[in-house]
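Descriptive structure summary
As a plain string of letters, each chain reads:
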Amino acid sequence: MNSLYIPGVARVHYDSIQNGRHHQADYVAVLNGASALAVAVCDGAGDEPDAAEAAQISAQVSAAVTGSTASAVEGLYAARGYLQRRNEEAPPGQEGITTAVVAAITSGGLDLGWVGDSPAWAVKQDGEVVPLTTPSCHPCSTPCNVEEKHKGAAGGWPHRLYTSTDDYARIILASDGVSAHLSLLGRFDHMNAMLDDLARVAIPDLHGEYVATQLLDLAKRGRGRDNTTVAVIDLLHGRDDLSDEGEEDAQ
């Protein structure tokens with residue numbers, strides 16, 4: 001499990017598992033940028049190296065630009081440019097497709113951008129779990145992904161949400177593999193089907209690393225094997241977090 005602590009802002013715990021796939025096509029990038037804490041989770045479509053490369057490019061670029069601009073949309077547009085050039089130069093049949101969910105966290109605010117079906121939820125101070133990434137769109141059949149715009153989508157491409165985080169205890173970003181333990185019907189509506197599990201394992205009193213571990217463990221129990229990534233962002237709202245004394249602070 002990886003972690004990043006930014007005093008007064010957030011503590012992030014994040015990890016990925018391959019979970020029975022031949023390739024790890026998920027990628028998570030976390031950056032304490034000049035303007036915002038940036039967290040990007042990307043899920044390459046398919047089980048091949050091209051999907052993995054698309055996810056890595058998109059996560060790294062979107063996190064870097066989002067951290068500098070405090071805009072998840074700017075991050076996703078930058079990632080789109082890099083991925084388009086990569087795919088234009090790739091041999092036929094080796095283009096990469098990926099989802100993305102990108103968060104820019106500043107003092108009291110969340111700027112969230114997403115394409116595809118990688119989910120995000122907020123857990124309020126009172127334990128209520130709120131879906132954030134709606135609509136949730138299939139990256140290929142819609143299509144809605146880092147390179148292909150969701151035509152006709154309300155609000156355009158990418159999908160975007162800006163909200164205050166004053167009532168939020170934590171934010172969870174993931175790939176859709178986090179719902180691998182659900183029934184097939186549940187996976188079609190994973191944003192809502194996950195609410196009961198999240199209300200149980202992600203309550204504010206639980207440590208973020210424990211929450212991330214529990215969610216990855218749930219995915220491992222599923223019959224539907226899928227790469228799974230989880231990033232649990234515990235918001236500090238100006239407080240110092242002394243839960244892990246001795247851990248190195250972010251520079």
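Up top is the structure.
Heads up: these notes are all about the structure in this document. (Residues numbered from 1 in each chain as written. Predicted model: local features only at pLDDT ≥ 70, side-chain atom pairs only at ≥ 80, totals over all residues. Heavy atoms only, no water.)

We now examine helix α2 (residues 72–89). The α-helix winds at 3.6 residues per turn, so residues separated by three or four positions along the chain end up facing the same way. Over its 18 residues, α2 extends 26 Å from the first C-alpha to the last, a length consistent with the 26 Å expected when each residue adds 1.5 Å. Taken together, the buried positions of α2 are A72, V73, G75, L76, A79, R80, G81, L83, R86 and N87. Lining the buried residues of α2 we find α1 (49–69), β5 (100–106), β6 (109–115) and β9 (159–164). (Helix = DSSP H or I, 4+ residues; strand = E, 2+ residues; numbered from the N terminus. Expected span 1.5 Å × (residues − 1). Buried < 20%, exposed > 50% of the residue type's maximum accessible area, 1.4 Å probe, protein only. Contact = heavy atoms within 4.5 Å.)

Below, the discussion takes up the environment of T99. Following the sequence through the fold, T99 ends up in the loop between α2 and β5. Using a relative accessible area of 1% as the deciding quantity, one classes T99 as buried. Considered as a pair, T99 and C137 are 38 residues apart in the sequence and their alpha carbons are 9.3 Å apart.

The contact between α1 and α2 brings their axes to 7 Å, and the two run at 145°. The crossing of α1 and α2 is right-handed. Here D50, E53, A54, I57, S58, V61, S62, V65, T66 and T69 of α1 lie close against α2, whose contacting residues are A72, E74, G75, L76, A78, A79, Y82, L83 and R86. Looking at side-chain class alone, the contact of α1 with α2 contains 10 nonpolar, 5 polar and 4 charged residues. (Axes fitted to C-alpha atoms, helices over the stretch in contact; angles between N-to-C directions. Left-handed = near helix turned anticlockwise from the far one by under 90°. Nonpolar A, V, L, I, M, F, W, Y, C, P; charged D, E, K, R; others polar.)

One open sheet holds the 5 strands; their spatial order is β3-β4-β5-β6-β9, and the pairing between them is antiparallel. Of all strands in the sheet, those bounded by a partner on one side alone are β3 (26–32) and β9. Neighbour-to-neighbour, the strand axes of the sheet open up by a mean angle of 10°, direction not taken into account. Looking at chain direction, β3 and strand β4 (residues 37–43) are connected through 7 bridges and run antiparallel. Residue Y27 lies in a different strand from β4, and its bridge partner there is C42. On the sheet, α2 packs against β5, β6 and β9 and is oriented at approximately 30° with respect to β6. (Pairing = 2+ DSSP bridges.)

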